Amino acid sequence: MKRPLKLILALVVLVALIGGYFLVTELTKEETPEAGSAGSILDTPFLSLEGTILKIDYTYAGEQISLAKGADGWQYAADPSFPLSADALSTIETVLKNIEVLRTILPEETDSELFGLTDPQLTVSVLTDAGSVRYAVGMYNKSFNGYYLQKDGDPMTYLVAAEMPAALSNSLYAIAEVDAYPQIMSTNATALSIRMDGAVRELSFIEGGSDATYADAIEWFDTTDGGMIPARETAVTVLAAEVTGLTYGSCIDYAVSESEWASYGFDAPYLEVELDYYYYTGATLDKPEIATFTLTVGNTAGAGERYLTWSGTKMAYTVAEDALEAIIAGLTDDLTPFEVCAVSVDSIRSAKVSVGDKSTIIGREVKEVSTIDAATGETVTELTEVYTVDGELSSDASLAAFFETLTTMQREAAADPSAMSDEVYMTVELSRSTDAFAELTVTFYVHDANFCRVAIGDSADALVSVRTVEALAAVIPE
């Protein structure tokens, strides 16, 4: 009988320990404002306000904001001209009228210090035509996505949904009606100028190309200091997109006066960007107007930030210096086109291809060719490319591929001037239907097993794939 008695005593001790654990847990569960401090579900689903809201005073992060509703809508009491957002105030009114209660906590269960209510992060006073009320908002309860709240004159503490605290836990400018950043498509850009600390980069779009260069398929040019250097369209468009899609911070001044302009550093900018672009309206779809957008970045606004403004606004904003890096890089980025022989195929009349002592002349012409439609008997006229090889008509499909390869071949790298060979591997002499550069020679030099050096017109030497050059040379008959 001794063994069963010992077993019974052990079970009694175990039950006592378990009971003691739950007792201690129940007594200490409010030591952290998480799920255990959620209180009870009582019949208070909402804290509702009666009447029309006339005035809202709230303090958040030390900033006191007083808002009054008049005949013309909401106004900031300290500055009635301040541009408040009607949408933001409508949201604030909505969440104040009915504050959703998640849990109700009895006075004896309330730990004001633990709940952050002895030093609330947000206080809100509301005046309606039916009375007034004041709220104190404490800590956030992660488990229930709510905040602890006390209402003056009410002994209860409430755990309320996050909507009301979130709508009022903002600075004044967070509820302002600020000017939006202009919506400009980067592909509509026609000119881009970047200036910073004496450095300048100017890029211009010339529709149809420029007679100042052989590359009539290129329409963007680096025109810094009056130059006319072909620029890669995709790179310019990406750079323009950095300007048109700039991510900036908050508004910090809704009306910068002339006297304040210099205090933000806008009179002597840290960075200035000017973008010309096509501006389309219903009446200008065929012939768009040219508009200009200017971005001005001024003094340091704080750690890693600067002041920002743009044409068409009197407001000042902040912008992270990191957000400006890609624009600043545009001052020195290599914008050289990847295409080495960026000419329009349609401008080429013929090409004389020479490799060693062998050469051939490929003629190219676009003609109207008429055929009879077998089904309808009607005459159909189409533009067709006609090729000749040394004066003889040819239907060889590789001839079209030759011109396509020539005008789209990519530069693999810039040629090292210290390692250049003068040994010519192949030349291509182009005859073109253009006023400028009607005769153009493309020269391919031996370089190494992987690359040939190519020189054309006034462009810098570049390296192209040996395989590409060999494909071009294959047009010469055996």
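Each value, and the rule that gives it
Residues numbered from 1 in each chain as written. Predicted model: local features only at pLDDT ≥ 70, side-chain atom pairs only at ≥ 80, totals over all residues. Heavy atoms only, no water. Pairing = 2+ DSSP bridges. Helix = DSSP H or I, 4+ residues; strand = E, 2+ residues; numbered from the N terminus. pLDDT = per-residue confidence, 0-100. Contact = heavy atoms within 4.5 Å. Core = buried A, V, L, I, M, F, W, Y, C linked by side-chain atoms within 4.5 Å. Buried < 20%, exposed > 50% of the residue type's maximum accessible area, 1.4 Å probe, protein only. Polar contact = N/O pair within 3.5 Å; in protein donor to acceptor, adjacent residues only side chain to side chain. Axes fitted to C-alpha atoms, helices over the stretch in contact; angles between N-to-C directions.

A word on the sheet that holds strand β24 (residues 424–432). Strand order in the open sheet made by the nine strands is β22-β21-β20-β19-β24-β25-β26-β27-β23, with antiparallel pairing throughout. If you trace the sheet from one side to the other, it starts and ends with β22 (392–394) and β23 (413–414), each paired once. As paired elements, strand β26 (residues 451–456) and strand β27 (residues 462–465) share four bridges and run antiparallel to each other. Within β27, the position partnered with Val454 by the bridge is Ala462.

Let us look at the confidence of the model for the chain. For the chain, per-residue confidence averages 88 on the pLDDT scale, and 89% of positions sit at 70 or higher. Every residue in residues 1–32 scores below 50 in pLDDT, and together they form eleven contacts with partners more than four places removed in sequence or on other chains.

On to the nonpolar core, then. Counting 36 residues, the largest nonpolar core has Phe402, Met409, Val428 and Phe444 as its most contacted members. Dropping the residues within four chain positions of it, Met409 is found in contact with Phe338, Glu339, Val340, Cys341, Val442, Phe444, Val454, Val464, Thr468 and Leu472. Core analysis: the second largest hydrophobic core is formed by 35 residues, Ile92, Val124, Val133 and Leu168 among them.

The next point concerns the side chain of Ser66. Relative to the helices and strands, Ser66 is located in strand β3 (residues 63–70). Among the residues examined, Ser66 registers a relative accessible area of 18% and is labelled buried. There is a polar contact of 2.4 Å between the side chain of Ser66 and the side chain of Asp57. Ignoring sequence-local partners within four residues, the contact set of Ser66 consists of Lys55, Ile56, Asp57, Gln75, Tyr76 and Ala77.

A few words on unusual backbone geometry. For Asp197, which is not glycine, the phi torsion reads 50° and is therefore positive. Following the sequence through the fold, Asp197 ends up in the loop between β10 (189–196) and β11 (199–205). Of the residues examined, Asp197 reaches a relative accessible area of 75% and is grouped as exposed. Of note in this structure, Asp390 is not a glycine but carries a positive phi near 50°. By secondary structure assignment, the location of Asp390 is in the loop between β21 (379–389) and β22.

Attention shifts here to the pairing of strand β18 (residues 316–320). In terms of burial, β18 is largely enclosed, as four of its five residues are buried. In terms of strand pairing, strand β14 (residues 251–253) meets β18 through two bridges, oriented antiparallel. Among the inter-strand pairings, Asp253 is bridged to a residue of β18, identified as Ala316. Strand direction decides the pairing type here: strand β17 (residues 305–310) and β18, joined by four bridges, are antiparallel. When the sheet's bridge partners are listed, Arg306 is paired in β18 with Val319. Hairpin connection, β17 to β18: the antiparallel pair is bridged by five residues, and Gly312 has positive phi, about 95°.

Moving on, we get to the sheet that holds strand β13 (residues 229–231). Read across the open sheet, the nine strands follow the order β13-β12-β11-β10-β15-β16-β17-β18-β14; overall the sheet is antiparallel. Here the strands that pair on one side only, and so sit at the sheet edges, are β13 and β14. For this sheet, the mean angle separating the axes of adjacent strands, direction not counted, is 30°. Here helix α4 (residues 233–244) sits on the sheet in contact with β10, β11, β12 (220–222), β13, β15 (271–279) and β16 (289–302), set at roughly 70° to β10.

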